[in-house]
Amino acid sequence: MACGVYQIVNKVNGKSYVGQSRNIKKRWRQHIAGLDATEALGSGSYPLRAAFLKYGLQKFEFKIIEECAEENLLYREKYWIEQIKPQYNCNIWTPARKKTLEKTEPKFWIQYHNYNKLGYLPGEFSLDNSNARPEEIDDLLSGISTGKRAVLSSEGDTVFLIVGIGENPKQYYLMYKFIVEDIQIREDANADQGKMRYDAFGDGWLINPPQLLNSLDFDQFKKYCGNFGFGFMSISRASYLETLNSLSEQYKSQNVNFSTYIEQFYNQVSIVNPNESSALAKKGTARHLAISIYPDEALPILTGITTKLIVFEITDLLGYKGKLLIHTLDFYEEFEPSSRIWLQENCLRFLKKFGLNQEMFSVPAIQGWIEVDNIFKYDQESFARDEDAHGRGADLHTYKLECGFPESDAWCIEVSQPVFFEYPIPLPEPEDIYEKDLWFPISELEIKAFRLALNSQSSQ
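In every chain, residue numbers begin from 1 and rise along the written sequence. Two thresholds apply to this predicted model, a pLDDT of at least 70 for residue-level local features and 80 or more for giving and counting side-chain atom pairs, whereas whole-chain, interface and lining totals are computed over all residues. Hydrogens are left out, water is left out, and the side-chain values use all remaining heavy atoms of the structure.

A.B. asks: How would you sum up the pattern of salt bridges? Please name residues and give values.
C.D. replies: Close approach of charged atoms allows side chains of opposite charge to pair. The term salt bridge refers to a pairing of a side-chain nitrogen on Lys or Arg with a carboxyl oxygen on Asp or Glu at a separation within 4 Å. All chains considered together, the criterion is met by 13 salt bridges. Residues Lys 436 and Glu 297 are paired through a salt bridge, measuring 3.4 Å at the closest nitrogen-oxygen approach. Of this pair, Lys 436 sits in the loop between β15 (411-426) and β16 (437-439) while Glu 297 sits in helix α11 (residues 295-302), and the two are 139 residues apart along the sequence. Both residues of the pair, Lys 436 and Glu 297, belong to the buried class. A salt bridge links Lys 308 to Asp 386; the shortest N-O distance between them is 2.9 Å. Put simply, DSSP marks the helices as runs of H or I at least four residues long and the strands as runs of E at least two long, and each gets a number from the N terminus on. Partly exposed residues are those whose accessible area sits between 20% and 50% of the maximum for their type, while under 20% is buried and over 50% is exposed, using a 1.4 Å probe and protein chains only.

Printed below as a string of structure tokens:
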């Protein structure tokens, strides 16, 4: 387990990346993990991963340029960055990062994960990737993503990951601890233009079993943290820090079977509160997303005629690895009467081409699912090139005007392996969900419908 400074060199153009780690081999796996998944693609990628995708890993050389003691990592990394001047580093000694060398001692931070809002445990998405090796799953957990700039000054610091899950009472668990070794900056594709996202990576370990924190002392700590409303925040001065350090060392674990760990996590939640249903109901189901679209767009997708779906909002989709369920909306009911009648007639004519009618293709309902292969932002050239695959014409600007999104980015979701249900799963339109909105199941009715859909058979 080498500790030191490493360099990744592009053998085509000579550009490179310099980083430091307590476990260099593991850090390399973190760099290349999930390159075939959606979170590696699109404008949200930082420069090194974008270069991996463009040139292929075989065009890169990975080498250790110096081994050193942990306490010297930041200084030796700075030295080599100044010597090599690597072009792929996107966080080279910003003012916040320079402060890391001025710290007299490391700081401590927490990252809060609200299961009730998100519907999944940290790292649980990785279980949907059947090709992921155990060490890749472990590596995916060795980091956090936040919109808080404070993380820029956290290199060399310790981060604790706390999960809140369930109701009456809500249970709080210490799940993970790691030391920040690298921070990558990228534009947040899910937010307003210019808003940045900060991804912090490092070496750490799972707390096994996850430690239930609920107590009077923890209640005081939770208040100190603003009931975790701040997400990523410093806890260096919190008296509860001693408890977190003690638990993380006492229950330190390596080489954990993550699938078993997640199963035991859910079991522990139900043991603490046998009446807890919200977490167990979402288990294995809320990892999946649905997209709500009209029947005349759902059918080409589900029959394989269309292999590229265009959306203008990608919230919750970047980084997604599950099935994308196709939920059909109710024949343009929210439109004005004149427009609605015209759209309904066109939609019904389209159904007829497939030997279907309004009764045979009931809506609103979950009609099937698709596998997400890729996601990227369209420009005029790529939009025109994919005309036959998306069926929306060759001019991107015209299409955006027709959809009412002239200033928005258009994103392409490449899909494959469509499954078209023989019997649709009726499901009312979720509240505040509109055309091409992506959503997780929240209500008991939605969770039940998802579970039925994921066990349904194809009509093909």
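On we go from here.
A.B. asks: Hey, could you go over the sheet that holds strand β1 (residues 4-10) for me, with residue numbers and the actual values?
C.D. replies: Working definition: the strands of a sheet are paired by backbone hydrogen bonds and lie parallel or antiparallel to each other. Strands are treated as partners if at least two bridges between them are detected by DSSP. Pairing is antiparallel in the open sheet, where 3 strands are placed in the order β2-β1-β3. In this open sheet, the two edge strands, each paired with only one partner strand, are β2 (16-21) and β3 (60-67). The average undirected angle you get between the axes of adjacent strands in this sheet is 20 degrees. Summarising the sheet, β1 and β3 pair through 7 bridges and their orientation is antiparallel. Looking at the pairing, Tyr 6 lines up with Ile 64 of β3. Throughout, a contact is declared for two residues whenever any of their heavy atoms are within 4.5 Å. Lines are fitted to the C-alpha atoms to define the axes, a helix being fitted only along its stretch in contact, and any angle between axes, read from their N-to-C directions, falls within 0 to 180 degrees. Packing of helix α1 (residues 24-32) onto the sheet brings it into contact with β1, β2 and β3, and relative to β1 it is tilted by some 35 degrees. Helix α3 (residues 73-84) rests against β1, β2 and β3 of the sheet, and its axis sits at about 170 degrees to β2.

A.B. asks: Give a detailed account of helix α8 (residues 241-250), specifying residues and quantitative values.
C.D. replies: Those residues of α8 not exposed but buried are Leu 241, Leu 244, Leu 247 and Ser 248. Buried residues of α8, seen end-on, are gathered within an arc of 130 degrees and therefore sit on one face of the element. Exposed positions of α8 whose direction lies more than 90 degrees from the buried face are Glu 242 and Gln 250. This arc corresponds to the set of directions leading from the helix axis out to the C-beta atoms.

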